There are 2 protein chains.
Amino acid sequence: MRTGGAAQALAYEKIREQIVTGNYPGGMKLIEERLAEEIGVSRTPVREAIRRLEQEGLVRRKKVFKPSAKELRDHFKMRILIEAHAARMAATYMIDDDLDELKETVGKAKAIRDDSAAVVRENKKFHDLIVRETRNPVMIETVDRMQSIIYLFSRAVVINKRPGLLDEHAAICEAISARDPEKAARLMEEHLEADLEFTLAIVDWEE
Amino acid sequence: MRTGGAAQALAYEKIREQIVTGNYPGGMKLIEERLAEEIGVSRTPVREAIRRLEQEGLVRRKKVFKPSAKELRDHFKMRILIEAHAARMAATYMIDDDLDELKETVGKAKAIRDDSAAVVRENKKFHDLIVRETRNPVMIETVDRMQSIIYLFSRAVVINKRPGLLDEHAAICEAISARDPEKAARLMEEHLEADLEFTLAIVDWEE
DNA sequence: TTCTGTAATTTTGTATACATGACTGAATAC
DNA sequence: GTATTCAGTCATGTATACAAAATTACAGAA
C-alpha cells in the first residue's frame, strides 16, 4: 500500500472485500460511523479508505458504484481502446519468453474448464500480459481501474461463461505470435466488443 | 465541487493555484500543518484537498508531482491514443454547429497571436471540442487528467510557442470537416507527437 | 390523498489532541 | 575519518468532540 497506516489499510481491505464479493450491493450507502465500528477503527481511516475506493472507481458519492449500462459501456470502450493498442504493441515487441507465458495461460484455461475461479485468473493474466506490452504505467493503471469496475458486474458473466472466449484468446495469441499487429489489434477489439455485448445482455439492469 | 465543504474547497483551490502557477515547484513537499495555517483552516480539510490533488495527478506522495521524461511521455501517449480516437469520432459524427465552433477557435487563435493566455485558452478549447465527440465521460476525464499534468510543464513550452501548431490545428479541422476519419486521426497523432517531442526538447530535465 | 414546511435525527465536515513513526543530527566507538 | 546509535524534532496517522449540513419523519393544509 502506498499511503496511510495500518488502520487505513485494514479499512480499505475490508470495505473493498465486501464490495467485490457483492456483499455490499451497488448503490449501498457507506456510512462512516457504522463501518468504523464494524471494522474497529475510528472514522478517520474509514474516510480515507472510502476516498481511495472512490478514486479507484468502486465508490461514488459515498455509495457503492452501480454503473448504468451507458457507464459500463464507457468503461469498456476505454479498455478496448487501450487493449487494442496493447495488442498492436505486443505483436511488435513481445519477447518469446512472454509469448510462451501467454500461450501457457490459454492452454491452462482450456485444461481447467471446471474450476471457475482459476479460469478467471488465467483470463485476467492473459489480458495483463498483453497490456504490460504498452510499457506504459499510465495505461496499465487505467486498464486496471476499468477492470475493477467491469469485474464488479462480470461475476455473473463469468459464471455464465461466454462461448468462444477461449478460442478468441487463442486467435489473438496466434496473431501476436505471427507478428501481425493489425490483426492482433482487430481481434482484441472484436473480442472485447463481444464481451461487452454479452455482459450488457446478461446483466439485469432493472433491479 | 462534488464533495466536501467550504474549508476543503478553499484549501483545494489555494493549493492547486500555487501548483499550477509554478509557485509550488515540482518536488516540493506539502506539509499539512503549514498549509493549514497559511490557508486558515485545520489540517483535516487540507488532507482531503491533498488527496484530491493526488487523484488528479498533481500531487504524488505529499509532494508536488514532478514527472520524469518517461512519465511525461507516458501521459502524452495516453492522451494521444484517446485524442486520435476522438478525432476519428469527430470526423464521423460532429455536427455542423460544433464544427463551426471548432473552426472559430482556430481562427481566433490565429488572430490573437500576441495574447499568450488567450491562445492557450483557444488551443485547449480546440482539443476539448474534439475529445467531447467521444461522448465518453471516462475518456474525457482521463484526457483532462493527462492535460493537467502536461500543462504543468507546458507553461514554458507555450511561451516558446511551437511553430506550425496552428497550421496543424487547421489541417485537423479540415480533415474533420471533410469527414475523413483516418486522416483526422493520423494528423492528430502527428500533431500531439510533435508537441511531445517539442516539450521534451525544451524542458530542462536537470534542474 | 398529496404537498409543504418544520422539527428531529442522522451523517458528514471540521478542529484538535495525542500517538506513532520517520527523519536529522550530534556524539561516541571504531 | 567513518560508521553507528541514540535522542530530539517534525510530520503524519488516528481518535474524538463538536458544528454544520443533509436527510427523514411527521403534522397540518390544500
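Residues numbered from 1 in each chain as written. Chains lettered and ligands numbered in written order. Predicted model: local features only at pLDDT ≥ 70, side-chain atom pairs only at ≥ 80, totals over all residues. Heavy atoms only, no water.

By the naming in an unreviewed UniProt entry, chain A goes by Putative HTH-type transcriptional regulator ydfH and is assigned to Bhargavaea cecembensis DSE10.

## Details of the overall build of chain A
The number of helices and strands found in chain A is nine helices and two strands. Written out in order from the N terminus, the α and β elements of chain A read α-α-α-β-β-α-α-α-α-α-α. Radius of gyration (C-alpha) of chain A: 18 Å, near the 17 Å computed for a compact globule of 207 residues. Taking the principal axes of the C-alpha coordinates as reference, chain A spans close to 55 × 40 × 30 Å. Looking at chain A as a whole, 48% of its 207 residues are labelled buried. Partitioning the contacts of chain A with sequence separation of at least 6, the portion at a separation of at least 24 is 76%. Per element, the accessible surface of chain A, about 10,100 Å² overall, is 51% carbon and sulfur. (Helix = DSSP H or I, 4+ residues; strand = E, 2+ residues; numbered from the N terminus. Rg over C-alpha atoms; globule rule 2.2 N^0.38 Å. Buried < 20%, exposed > 50% of the residue type's maximum accessible area, 1.4 Å probe, protein only. Contact = heavy atoms within 4.5 Å. Areas by Shrake-Rupley, 256 points an atom, 1.4 Å probe, with all protein chains shown as cover.)

## Some details on the relation of the copies chain B and chain A
Structural alignment of chain B on chain A gives an RMSD of 0.1 Å, achieved by rotating through 180 degrees and translating 0.1 Å along the axis. Given the turn and translation reported, the copies of this chain are related as if by a two-fold rotation axis. No C-alpha of chain B lies nearer the rotation axis than that of B:Gln55, which sits 3.2 Å from it. The overlap is high: 100% of the interface residues of chain B also sit at the interface in chain A, so the same surface is used on both sides. (Least-squares fit on C-alpha atoms with pLDDT ≥ 70 in both.)

## What about the pattern of salt bridges?
All names here are of chain B. A full pass over the atoms with the stated rule returns 47 salt bridges over all chains. Notably, a salt bridge pairs Glu32 with Arg43, separated by 2.9 Å at the nearest N-O pair. Of this pair, Glu32 sits in helix α2 (residues 32-39) while Arg43 is found in helix α3 (residues 43-56), placing the two residues 11 residues apart along the sequence. Across the pair Glu168 and Arg162 runs a salt bridge whose closest N-O atoms are separated by 3.1 Å. According to the relative accessible area criterion, Arg162 is buried, its value standing at 10%. (Salt bridge = Lys/Arg side-chain N within 4 Å of Asp/Glu carboxyl O.)

## Regarding the protein's contact with DNA strand C
In the vicinity of DNA strand C lie 19 residues, with A:Arg43, A:Arg47, B:Ala7, B:Ser42 and B:Thr44 positioned nearest. Within 4 Å of the protein, the contacting atoms of DNA strand C are drawn from sugar and phosphate to the extent of 51%. In the environment of DNA strand C, a base nitrogen lies 2.9 Å from a nitrogen or oxygen atom belonging to the side chain of A:Arg43. Here a phosphate oxygen of DNA strand C and a backbone polar atom of B:Gln8 are 3.4 Å apart. If you list the elements that add at least two residues to the surface near DNA strand C, you get α3 (43-56) of chain A together with α1 (6-20) and α3 of chain B. Residue classes in the surface near DNA strand C are distributed as six nonpolar, six polar and seven charged. (Near = heavy atom within 4 Å. Polar contact = N/O pair within 3.5 Å; in protein donor to acceptor, adjacent residues only side chain to side chain. Nonpolar A, V, L, I, M, F, W, Y, C, P; charged D, E, K, R; others polar.)

## Digging into the domain arrangement of chain A
Residue and element names in this part refer to chain A. Partitioning chain A into structural domains gives domain 1 (6-64) and domain 2 (69-202). Between the C-alpha centres of domain 1 and domain 2 there is a distance of 29 Å. In this assembly, domain 1 packs against domain 2 so that about 600 Å² is buried in total across both faces, 53% of it on carbon and sulfur atoms. Ranking the residues of domain 1 by area buried against domain 2 places Glu56, Leu58 and Arg60 at the top, with a combined share of 46%. Taken together, the connections running from domain 1 to domain 2 amount to one salt bridge. A salt bridge links Glu71 to Arg60; the shortest N-O distance between them is 2.5 Å. Our enumeration of links across domain 1 and domain 2 arrives at two residue pairs in polar contact (both at pLDDT 80 or more). (Domains from an automatic or database assignment. Buried area = accessible area lost by both parts, 1.4 Å probe.)

## Let's talk about the interface of chain B and chain A
Facing the 21 residues of chain B at the interface are 22 residues of chain A. Among the residues chain B hides against chain A, the three largest losses belong to B:Arg51, B:Leu81 and B:Val138. Together they make up 26% of the total. Our enumeration of links across chain B and chain A arrives at four salt bridges. One salt bridge connects B:Glu48 with A:Arg51, and the closest N-O pair in it is separated by 2.5 Å. Where chain B meets chain A, there are eight residue pairs in polar contact (both at pLDDT 80 or more). Of the residues forming the side of chain B that touches chain A, the biggest block, eight residues, is contributed by helix α4 (residues 69-93) of chain B. Residue classes in the side of chain B that touches chain A are distributed as seven nonpolar, six polar and eight charged.

## Digging into the protein's contact with DNA strand D
Taken together, 18 residues lie around DNA strand D, and A:Ala7, A:Ser42, A:Thr44, B:Arg43 and B:Arg47 are the ones closest in. Sugar plus phosphate: this is where 51% of the atoms of DNA strand D within 4 Å of the protein reside. Within the side chain of A:Gln8, an N or O atom sits 3.5 Å from a phosphate oxygen of DNA strand D. Within the contact set of DNA strand D, a phosphate oxygen lies 3.4 Å away from a backbone nitrogen or oxygen of B:Leu30. Elements with a minimum of two residues in the surface near DNA strand D: α1 (6-20) and α3 of chain A together with α3 of chain B. Taken together, the residues of the surface near DNA strand D sort by class into six nonpolar, five polar and seven charged.

## Here we look at the packing of aromatic side chains
Per the stated rule, a full pass over the model turns up zero aromatic pairs over all chains. Over the aromatic face of A:Tyr12 sits the side chain of A:Arg52, whose NZ or CZ is 4.0 Å from the ring centroid. (Phe/Tyr/Trp six-rings, centres within 6.5 Å; stacked < 30°, edge-to-face > 60°. Lys NZ or Arg CZ within 6 Å of the ring centre and 35° of its normal.)

## A short note on the confidence of the model for chain A
On average, chain A scores 91 in pLDDT, and the residues at 70 or more come to 94%. Element-level mean pLDDT values for chain A span from 87 in helix α7 (residues 137-159) of chain A up to 97 in helix α4 (residues 69-93) of chain A. (pLDDT = per-residue confidence, 0-100.)

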